[in-house]
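# Understanding the architecture of this molecule
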Amino acid sequence: MNFLEEKILTDGVIKEGNILKVDSFLNHQIDIDIMRQMAYEFKRRFRTENINKILTIEASGIAIATLLGDLYDVPVVFAKKSETANSTDDKYVAQAYSFTHKKMNNVFISKPYLHATDHVLIVDDFLADGEAAHALIDLVHQAGGTVEGIGIAVEKGQQKGGGELRAEGYHVESIAIVESMDWQTQTIKFREQPAQPLQNTNLRSI
Ligand code: 5GP
């Protein structure tokens, strides 16, 4: 079991409706040590990709994205959510249905922050139906940029997002993949993943 799976088992709370709450270390309070380990793990898993920008969506992806941006020494951009954003000359706009809030969000990025020369690593806290990830991909493509990979902290493997994105040919890496969870017994099963070597600080120089 890896560091994130262990953390989820000790501190995660399963809610009715297939929701995993991880407020104590990711979605409300932020455990910097866990964020740092995730950043190193993403850098290791995406070591063959050439990345010059980290992209996420507000709000909970920002912490992981920031530490990853530090590790790669590249800019971090987060897409903003808005109920009102319409396409304009100065913004790229896409739509994403929110699984947790059950509503459609417009997400946008101001044009100066995304370019055709960008090789983007998309990161987010959760992957469920893939709405947020697809909206971010759409924004990168509107700018003419390239999506090099998608790094997710927690993928909910019972939902369609991960399968769809991999079938579309994207390099998706999720540090923990929930295979099943039960709110009544508070039990959770993770998908087996290849063994991961211990982190080492040389990753900074990869
Ligand atoms: P998707 O867009 O892939 O359908 O859903 C991903 C987004 O929904 C994430 O950015 C995350 O904010 C939220 N989300 C989906 N499922 C969960 C969950 O079980 N727990 C939490 N905390 N957030 C979730």
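Residues numbered from 1 in each chain as written. Predicted model: local features only at pLDDT ≥ 70, side-chain atom pairs only at ≥ 80, totals over all residues. Heavy atoms only, no water.

## Structural notes on the packing of aromatic side chains
All told, the structure shown has one aromatic pair when counted by the stated rule. With a centroid separation of 6.4 Å and 35° between ring planes, the pair formed by Phe-42 and Phe-46 is classed as tilted. Across the pair, exposure class does not vary: Phe-42 and Phe-46 are buried alike. In this structure, Lys-43 packs its charged tip against the face of Tyr-72, placed 5.0 Å from the ring centre. For Lys-91, the ring lying beneath its charged end belongs to Phe-108, and the centroid distance is 5.2 Å. (Phe/Tyr/Trp six-rings, centres within 6.5 Å; stacked < 30°, edge-to-face > 60°. Buried < 20%, exposed > 50% of the residue type's maximum accessible area, 1.4 Å probe, protein only. Lys NZ or Arg CZ within 6 Å of the ring centre and 35° of its normal.)

## Observations concerning the nonpolar core
Leu-4, Ile-8, Leu-20, Met-38 and Ile-54 are the most contacted members of the largest nonpolar core, which totals 35 residues. If near-sequence neighbours (up to four positions away) are discounted, Leu-4 is found in contact with Phe-25, Ile-34, Met-38, Ala-153, Val-154, Ile-175 and Ala-176. Ranked by size, the runner-up nonpolar core spans 26 residues in total, among them Ile-57, Val-107, Ile-152 and Tyr-170. (Core = buried A, V, L, I, M, F, W, Y, C linked by side-chain atoms within 4.5 Å. Contact = heavy atoms within 4.5 Å.)

## Thoughts on the sheet that holds strand E4 (residues 76-82)
Strand order in this open sheet of eight strands is E5-E6-E4-E3-E7-E8-E9-E10, and the pairing throughout is mixed. At either margin of the open sheet sits one strand with a lone partner, and together these are strand E5 (91-98) and strand E10 (187-190). If you compare each strand with its neighbour and ignore which way they point, the axes differ by 30° on average. Sheet analysis places strand E3 (residues 53-57) next to E4, joined by four bridges and oriented parallel. Bridge pairing links Ile-57 to Ala-79 in E4. Here helix H1 (residues 3-11) sits on the sheet in contact with strand E8 (146-156), strand E9 (172-182) and E10, set at roughly 30° to E9. Packing against the sheet, helix H4 (residues 61-72) makes contact with E3, E4, strand E7 (119-127) and E8, and its axis sits at approximately 145° to E7. (Pairing = 2+ DSSP bridges. Helix = DSSP H or I, 4+ residues; strand = E, 2+ residues; numbered from the N terminus. Axes fitted to C-alpha atoms, helices over the stretch in contact; angles between N-to-C directions.)

Purely geometric stuff here, so don't read any function into it on its own.
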